[in-house]
Amino acid sequence: MTAAQTLRVRDPATADQRRGGRRRNLRGWMFIGPVVLGTLLFNVIPVLPTLVTSFTDWDGLAAPKFTGTANYKEMFSGQDPLFGKSLINTAIYTIGYVPVGIIIGIALAVLVNNRLRGMAVIRALIFLPYVTSLVAVGVVSRWVFSDQYGVINAVLASFGITGPHWLGEPGSAMAAVIVTAIWANMGFNMIIVLAGLQGVPETLIEAATLDGAGRFSRFFHVTLPFLTPTIFLLLILQTIGSFQVFALVLVMTGGGPGDGTYVYIYHLWYEAFSLRRMGYASALAIVLFVVLLAVTWIQNRLSKRWVFYQ
Amino acid sequence: MTSGSLLTRRRLLQGGLGLAAAGVAGTSLTACGSGSSGTPSGWTEVTFSSVGDPTTQKMFKDMIAAAQQESLDEHKIKIVWKPAPGDDWASVMLQFASGTTADLQRIDDDRVYDLATSGKILQLDKMMQDASTGFDLTKYSPTFTTKVAVEGYQFSITPGMSANALYYNKKLFADAGLTAPTSWADAWSWDEFDAAVKKLTKKNGSRTDTYGLQYAVNTIQPTAYGAGDTALYNNQTECGYGKPETLDAIDKQISYIRAGYAPTIDVEYLPLFNAGKLAMTWQAMDISAQISKNVDWDVMPWPKTPLFAMTKNYARTWVIPKTAKDPQAAFLAMKALCGKAASDVMAKAQFAVPALTEVAKSAAFTDHPRPKTATVWAEALGNVAGKPVDVPFPRGPIGTALADSFVEGTNANNLVSGKLATADYLKRGRDAVNAEIKKRGWNGDKGKELLAKGGALTDPDLKVAAK
Amino acid sequence: MTVEDTRAPERIAPPRPPLPVDDTGDERRRRAGRIIGPTATYVVCVLAALIAIGPFVWMLSSSFKEPGDVISLTPHLLPNPFTLDNYAYLVNNGVLPFIRFLGNSAYITVLVIIGRLMVCALGAYGFARLQFRGRDAAFGLLLASLMIPDMLMVLPLYSAYVKAGLIDTHFPLIIPPIVANTFGTFLLRQFFMTIPKEYDEAALVDGASHFRIFVSIILPLSKPALATLAVLTFVNVWNDFFGPLVYLSDVNKFTVPVGLAFFQTQDSTQYGPLMAGATLAIIPTVLVFVFAQKYFTRGISMTGIK
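An unreviewed UniProt entry lists chain C under the name Carbohydrate ABC transporter permease, with Kribbella capetownensis as the source organism. Turning to chain C, the UniProt record has this under Sequence similarities (unreviewed entry): "Belongs to the binding-protein-dependent transport system permease family." Of chain C, the UniProt comment under Subcellular location (unreviewed entry) reads exactly: "Cell membrane".

The name recorded for chain B in an unreviewed UniProt entry is Extracellular solute-binding protein, from Kribbella capetownensis. UniProt annotates chain B under Subcellular location (unreviewed entry) with the comment "Cell envelope".

Looking at helix H13 (residues 327-337) of chain B
By the criterion of burial, H13 of chain B is predominantly enclosed, with 11 of the 11 residues buried. Within the span of H13 of chain B, buried status applies to Pro327, Gln328, Ala329, Ala330, Phe331, Leu332, Ala333, Met334, Lys335, Ala336 and Leu337 of chain B.

Brief notes about the interface of chain C and chain B
Every contact between the two is made by 42 residues of chain C and, on the other side, 45 residues of chain B. Elements supplying a minimum of two residues to the side of chain C that touches chain B: helix H2 (67-70), helix H4 (98-129), helix H6 (150-164), helix H12 (242-247) and helix H13 (256-261) of chain C. Element by element, the count of residues in the side of chain C that touches chain B is highest for H4 of chain C, at eight residues. Its residues placed into classes, the side of chain C that touches chain B shows 24 nonpolar, 14 polar and four charged.

Quick notes on the packing of H4 of chain C against helix H8 (residues 182-192) of chain C
Residues and elements named next belong to chain C. Packing of H4 against H8 leaves a shortest axis separation of 8 Å and a crossing angle of 50 degrees. By the angle between their directions, the pair H4 and H8 is classed as oblique. For the pair H4 and H8, the crossing hand works out as right-handed. Across from Arg116, Cys120, Ala121, Gly123, Ala124, Tyr125, Phe127, Ala128 and Arg129 in H4, the residues of H8 making contact are Gly184, Thr185, Leu188, Arg189 and Phe192. Tallied by class, the residues present in the contact of H4 with H8 amount to eight nonpolar, three polar and three charged.

Points about the domain arrangement of chain B
Residues and elements named next belong to chain B. Split by domain assignment, chain B resolves into domain 1 (44-162 + 314-385) and domain 2 (166-313 + 387-443). Taking the mean C-alpha position of each, domain 1 and domain 2 sit 28 Å from one another. At the junction of the two partners, domain 1 supplies 25 residues and domain 2 supplies 23 residues. The set of elements that each furnish at least two residues to the side of domain 1 that touches domain 2 consists of helix H17 (375-379) and strand S14 (383-384). At four residues, the largest contribution of residues to the side of domain 1 that touches domain 2 is made by H17.

Quick word on the sheet that holds strand S7 (residues 207-214) of chain B
All names here are of chain B. Strands sit in the order S6-S7-S10-S5-S11 across an open sheet of five strands; the sheet is mixed. The sheet is open, and its two edges are formed by strand S6 (202-204) and strand S11 (297-300), each paired on a single side. Here the average twist between neighbouring strands, direction ignored, is 30 degrees. One ladder, built from four bridges, connects strand S5 (residues 164-169) with S11; its direction is antiparallel.

What to know about the nonpolar core
Of all hydrophobic cores here, the largest spans 328 residues; its most connected members are Ile126 and Val177 of chain A, Met63, Ala333, Met334 and Trp377 of chain B together with Val231 of chain C. Looking at which element gives the most residues to this core, the answer is helix H8 (residues 170-197) of chain A, with 18 residues. Setting aside its immediate chain neighbours within four residues, alanine 333 of chain B contacts Val46, Phe48, Leu72, Ile77, Ile79 and Leu104 of chain B.

Criteria and thresholds
- Residues numbered from 1 in each chain as written.
- Chains lettered and ligands numbered in written order.
- Predicted model: local features only at pLDDT ≥ 70, side-chain atom pairs only at ≥ 80, totals over all residues.
- UniProt positions renumbered as here; feature names shortened; annotations may be inferred.
- Buried ≥ 20, exposed ≤ 12 C-beta atoms within 10 Å, placed from the backbone.
- Helix = DSSP H or I, 4+ residues; strand = E, 2+ residues; numbered from the N terminus.
- Contact = placed C-beta atoms within 7 Å.
- Nonpolar A, V, L, I, M, F, W, Y, C, P; charged D, E, K, R; others polar.
- Axes fitted to C-alpha atoms, helices over the stretch in contact; angles between N-to-C directions.
- Parallel < 35°, antiparallel > 145°, perpendicular 65-115°, else oblique.
- Left-handed = near helix turned anticlockwise from the far one by under 90°.
- Domains from an automatic or database assignment.
- Pairing = 2+ DSSP bridges.
- Core = buried A, V, L, I, M, F, W, Y, C linked by C-beta atoms within 7 Å.

As structure tokens, then:
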């Protein structure tokens, strides 16, 4: 099994493919029917009006006015500089957050995947940021990154370094948001990888140990390949999630300084609910959808090179 | 004792559903149900909804009780209170879009225009002017109606307004040998203010240890107004803020940020003010509860400008959706909530300056341990030397564009982050507003046209009569 | 490892299908992936835990502080003066039945967890183990449904619920999260796909139906993933804010996050009661995590397969 399949898996019992085709289809749909129907009903059909309103001028109250492709033209003709800026900011956030977030999730999961005394408590503590009130996260992170009174700059100062005005400069503010996002989601990534780790057969690890493989070699050649389906899951979901980052930015920087952390959904939200341009916001959502579809498709194609399934 | 242990055992048996059971138990213990079951037959029910924290919601409940007793009981009208969380415009908009709003709805005043032009809310002029059931407007501050009017029409009224003022640290003032003015008539000149800001600021090398001033970007438009400029010119076909005096005045104010006399936008005022490291901060009334007990504070007016007017107050206003079950009853309920009894409750809570003048001036509002000079707030609704303290500001699509370009958007954020030259900020803002004017073919008559087109001005003549 | 990894696939050791073995959980056995010794593990773990708990500690400490003491320049750990007023105010403020909110949240969360585990596991089995027409397209649809922001979907949904008379009921908070969850389906699918196929094949040869294989082989082997999904669903539903905010207007039907949102308005935040509420709200989450975590660390118990 060299090139593992990702969204396509081979069924072990496919000998009677032609004869049992209809029955097999029915059986498959009996399994996936509920979730597919539910998704259609509650997550797909409600999206369809967005496609229509993206071609209108609409404030969400009065009847929408059809304006053809005006909303899309506004985006791509440079009339809305914040469209491009927010897309770039979002891409920077995604690239900064997703890989590091996943690597830290794996590292933590591997670290706590043992029965050492006290590990149960440690695991719970690492999970805490994921469930701590976002308001508290906002207040504390703004303090941690504070220019004059913050923890980070105090630590830097003890090494004689003058720390930056973190939330006052666009670049460092984005870095601060990314670091906080990694911190806030490390528990989420950890427990998903932890579940994945339980699927790694101990026999293989022992076999590798007997073959004289070192710890790192065992990890990279035995454990990691088994984790690839989990990593793939995280990669897909975190990328989609990162493109929709909003709440954390809202509590930490409010999109500032200037447009330094002004991310895509912030723009969409501002257009939709502050300026009441629901039509334009719909068009923004459709463009985001297309971008995410493309990114996910590419990730899925590439995954065939590195994701292993049984 | 036996029953107690039985209860415990039963709870234990309920296992995972224990919490749910506790919830049910909580219902019977909580005596604050809304619900319509309490309305006697023959009475008219009016639902009232507003966002607000529990303190505010409690105040609304008390206001309702006061209004009920003062006049509503005799009209056989009962207000049913429906508290709403957060300030999420999204939910209220959804409710308006689908006709599920309360009969009397409290909303942000900048939403009124859209709701009116979309034909979602009732025009109130006829009811307000009705001889028998309307308002005696002479008893209310002028802002009661003008502040929230749309193109001169009344679609909402507000029983009170959250006034802004400069909160100042008394100890820092005393240390610097400064005495704060106690009324808008005695407000500092800009030069006195400028000297005070500089005197109050304590620097430590390149860093500021104590800031003299903190303000939000929404002070920019009063500053421009004070400099003699307005937002729109030529029958609303051209954006203002182009005068050299405006640039000077705003630049002077922004220079405090660049020179470290005032913090940049990412630095929060509250921790600084609570730590005694901020001398003056421009804030609304409702932050007072969060100020540390260790800080001795009061409020003072913003400095005088050529036109005097110097505060842009924030208002939430009350509307009657067209879907209201009984608009007349809703109007009478609204009127009762603006009455003396309800206004007294609002005054005692120091929630907002009551629009009912006698209450705003009464001890109920001004006689509190803090601030000592609550009259500074109260005066924000009135005039000084014939000029209004509160700044008029356009609403509607161009008002939205103005707010987006000069106050809320990234352009304003860039300015108060110290990243953008004032001239560039003004130019970008003007360009954006002028583009919007051009795009919409806007002029001073368009607002009324929009209202007429949305069916806002064609409401049937409601026969308002005492019930 | 991420997408950028361009190593030739054959250089990564292809995982051989493991043989079913008896695993009695030998404590001395090396756990999967451990790459550093116990002492180093402790040091790093404690460090990570310390970094993790900062905001939680602030939250806890703030919940015992007086209003003016919460926001300070450099947060002080110990409340001085110490007060229980925030908790008292939270449960008895004369306007919000907070205990009731806890009850509403609890029952909604429990129902969603039970329902979601069933629907997602069924779907995941279909996606992971069966081959049939339309499967990949259906999975693509599930993923695509994540790519439109919720805030725009809410408008059409809201008006549909109004027409169906479901506004101000708990239906929109219970049924859609059960039957329309891509995350859970994807998570379980990925996990199911790491379970060796040899098990199913043996059972199929013995004449077992797919449903039988699903119930008696796949589900028992998937406890770690099911527990993970249960915990994450708990967090997700327990903390859901937007749904209840939009779909409910009767105060007696509100959930905890909506109740807490009362303490935070555009103009001001009542940090004390808010943090008291957030602290109370986090307790069940931590309990669920602690209860479920024995499954995350159990490992595949391969006994009883044959």
